[in-house]
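Observations on chain architecture
Residue strings, one per chain:
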Amino acid sequence: MEPFALDALERVTTRPTKDYETLTLTPLTPVLGAEVTGLDLSRELTCEQRREVRRAFLEHHVLVFRDQHLTPTAHKRFAAEFGPLHRVVLPAEGADPHILEISADASSRAVAGNGWHADGTAESEPSLGSMLYLIRTPEVGSGGDTLFANMHLAYDMLSPRMKEFLEGLTAVHDGAQPWLSQGMAPPEGYEAPRTEHPVVVLHPETGRRLLFVNAPYTAHITQLSAAESRSVLDMLYQHIAGTPLLHCRVRWEPHTLVFWDNRCVQHHAVWDYYPHSRYGQRVAIDGTRPQPCAPLPDTELV
Ligand code: SIN
């Protein structure tokens, strides 16, 4: 590993952290994800439990809660602890506008999220995070895992010169691109959003820098030529997908709820279980507009 990448990893893994009083945390990896035990999400949380879940969320970015038995109302109530619920884009007729069904079976020709991405980044205010509650996992084998990647560390592990190059750049995120890139037209009635966001942004709660480009939505870096933009984006996607150190893997069991921070992780729902089925419901929380960073101090450029 490059020395600056090792330094970044050391900084993240040696951060001091306080113990938790009302829940138990078991990290999935030293840099991303934790299983949380000791909470029943079907009941309203106490103030202290809520405070600790929020702290764990900001420290680990992906929280896994097993053996939860949630009605859609309880699922939405837990999500609403973190902010207003995000509306589903193009909800099915008569469906709950805040619950997105994630479903795959033998008749599926594609599944949601089968590739590295963050949700809805073409919106001016992409979601804060999502809570996916899986009720059915594939009948055979152990497929259908979801991978997550830490975008703080993806940024931190770049060379100082690359960080300097990316600072101040912006990229257009295009909501039509996921369809156009597969030779399809966006669904009828979908007004695809298009928004320019900084390539490096600050997490709105922790103030940490992170890389904010993703393959399905990011169309091009505004300040570069088309060819330059393609090369830089491909290099960054290769860095994100090809650096296992940035990743954690969630193996689902029925009645698992996973809450991820859409502002600083990407995810990839692995579709390796065809023709078997998998079903869950996702509730997302409103986010805010991604904010650019102040210029890097000279000391970080040596
Ligand atoms: C998604 O939100 O992209 C789907 C995640 C999953 O099915 O694991």
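Refer to the structure printed above.
The notes below deal with the structure included here. (Residues numbered from 1 in each chain as written. Predicted model: local features only at pLDDT ≥ 70, side-chain atom pairs only at ≥ 80, totals over all residues. Heavy atoms only, no water.)

Attention now goes to unusual backbone geometry. The step from Tyr274 to Pro275 runs through a cis peptide bond, and the omega angle for that step is 10°. Position of Pro275 among the secondary structure elements: in the loop between strand 14 (265-269) and strand 15 (278-285). The backbone phi angle of Leu90 is positive, close to 55°, even though this residue is not glycine. By secondary structure assignment, the location of Leu90 is in the loop between helix 3 (72-80) and strand 4 (100-104). Leu90 sits in the partly exposed class, given a relative accessible area of 42%. In this model, His255 sits at a positive phi of 70°, which is unusual for a non-glycine residue. Secondary-structure assignment places His255 in the loop between strand 12 (247-250) and strand 13 (256-261). Judged by its relative accessible area of 24%, His255 falls in the partly exposed class. (Helix = DSSP H or I, 4+ residues; strand = E, 2+ residues; numbered from the N terminus. Buried < 20%, exposed > 50% of the residue type's maximum accessible area, 1.4 Å probe, protein only.)

Approximately 340 Å³ is the volume attributed to the second largest pocket. Together, 15 residues line the second largest pocket, and Arg15, Thr17, Pro27, Glu59 and His60 are the ones closest to its centre. Listed by contribution, the elements that provide at least two residues to the lining of the second largest pocket are helix 1 (3-13), strand 1 (24-27) and helix 2 (47-60). Residues belonging to the lining of the second largest pocket are distributed by class as follows: eight nonpolar, four polar and three charged. (1 Å grid on protein atoms, 1.4 Å probe; cavity = no way out; pocket = protein on both sides within 12 Å on 5 of 7 lines; lining within 4 Å. Points joined across faces, edges and corners; volume = space filled by probe spheres on them. Nonpolar A, V, L, I, M, F, W, Y, C, P; charged D, E, K, R; others polar.)

Moving on to the site of the ligand. Near the ligand the following residues occur: Ile102, Ala112, Gly113, His117, Leu132, Thr146, Trp260, His267, Ala269, Arg278 and Arg282. A distance of 2.6 Å is found between an oxygen atom of the ligand and a side-chain nitrogen or oxygen belonging to Thr146. A distance of 2.7 Å separates an oxygen atom of the ligand from a polar side-chain atom of Arg282. Mapped onto the shell around the ligand, the elements with two or more residues apiece are strand 14 and strand 15. (Near = heavy atom within 4 Å. Polar contact = N/O pair within 3.5 Å; in protein donor to acceptor, adjacent residues only side chain to side chain.)

That's the geometry; what it means functionally is another story.
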